[in-house]
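# Observations on the model geometry
Next come the chains, spelled out residue by residue.
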Amino acid sequence: MPEKQEAGSTTEAQQDVAQAKADTTAADMKVPHQLREKVSLTTNLLDELEIDWTLDIQQKHPRLLYEVNGKGFFQVISDSPFDIRAAMNMRGEVLRTIRKELGE
């Protein structure tokens, strides 16, 4: 079974979002092409909702960091080339987290 980590709300995630914002903006990030393809559905959604986000590619597993209502959240990015629904699943998980946080 592939490794899965749900989107979480932690103080560490908030600190990561703040640090990543300080280090770079989304436009400045040099993101590998394969990773950009996997997260484009989700980052486009976050851009439409005007939610700040960044990618943390310094760790073993890349993470999408974002902030809703002042709380930091993260989503571990799947690296399986065989999971054709990974991008859609990640978008759905992030959207569910946002809806839950906003009380919709």
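Predicted, not measured: the structure shown is a model, and the values here were computed from it.

Here we take up the nonpolar core. One finds L46, L55, L64, Y66, I77, V94 and I98 to be the most contacted residues of the largest nonpolar core, which totals 14 residues. If you list the elements that add at least two residues to this core, you get α2 (33-48), β2 (53-56), β3 (63-68) and α3 (86-102).

This brings us to α2. Along its 16 residues, α2 runs 21 Å from first to last C-alpha, staying within 8% of the 22 Å computed at 1.5 Å per residue. For α2, the principal kink sits at V39 and spans about 55°. Within the sequence span of α2, burial applies to L35, V39, T42, T43, L45 and L46. In this structure, the buried side of α2 is in contact with β2, β3 and α3. Two residues or fewer after α2 comes E50, characterised by a positive phi angle close to 55°.

Our next topic: the pattern of salt bridges. Two side chains bearing opposite charge may form a pair once their charged atoms approach each other closely. Under the defined criterion, the tally for this structure stands at two salt bridges. The residue D56 makes a salt bridge to R63 at a minimum N-O spacing of 3.3 Å. Each member of the pair, D56 as well as R63, carries the same accessibility label: buried. The partner of E101 in a salt bridge is K71, and the shortest N-O contact between them spans 3.6 Å. One end of the pair, E101, is in helix α3; the other, K71, is in strand β4 (residues 71-76), and 30 residues separate them in sequence.

Moving on: unusual backbone geometry. A positive phi angle is found at E50, which is not glycine, with a value near 55°. Looking at the element boundaries, E50 is found in the loop between α2 and β2. The phi angle at N69 is positive, at roughly 55°, despite the residue not being glycine. Assignment of secondary structure puts N69 in the loop between β3 and β4.

All right, on to the pairing of β4 then. Within β4, five of the six residues are buried, which leaves the element mostly enclosed by the surrounding structure. Bridge count between β3 and β4: six bridges; the pairing is antiparallel. Note that in β4 the partner of R63 across the bridge is V76. Between β3 and β4, which pair antiparallel and follow one another directly, the connecting turn spans two residues, one of which, N69, has a positive phi of 55°.

What counts, and at which threshold
- Residues numbered from 1 in each chain as written.
- Predicted model: local features only at pLDDT ≥ 70, side-chain atom pairs only at ≥ 80, totals over all residues.
- Heavy atoms only, no water.
- Core = buried A, V, L, I, M, F, W, Y, C linked by side-chain atoms within 4.5 Å.
- Buried < 20%, exposed > 50% of the residue type's maximum accessible area, 1.4 Å probe, protein only.
- Helix = DSSP H or I, 4+ residues; strand = E, 2+ residues; numbered from the N terminus.
- Expected span 1.5 Å × (residues − 1).
- Bend = angle between axes of the 7 residues up to and from the residue.
- Contact = heavy atoms within 4.5 Å.
- Salt bridge = Lys/Arg side-chain N within 4 Å of Asp/Glu carboxyl O.
- Pairing = 2+ DSSP bridges.

Bear in mind that shape data such as this cannot, by itself, settle questions of function.
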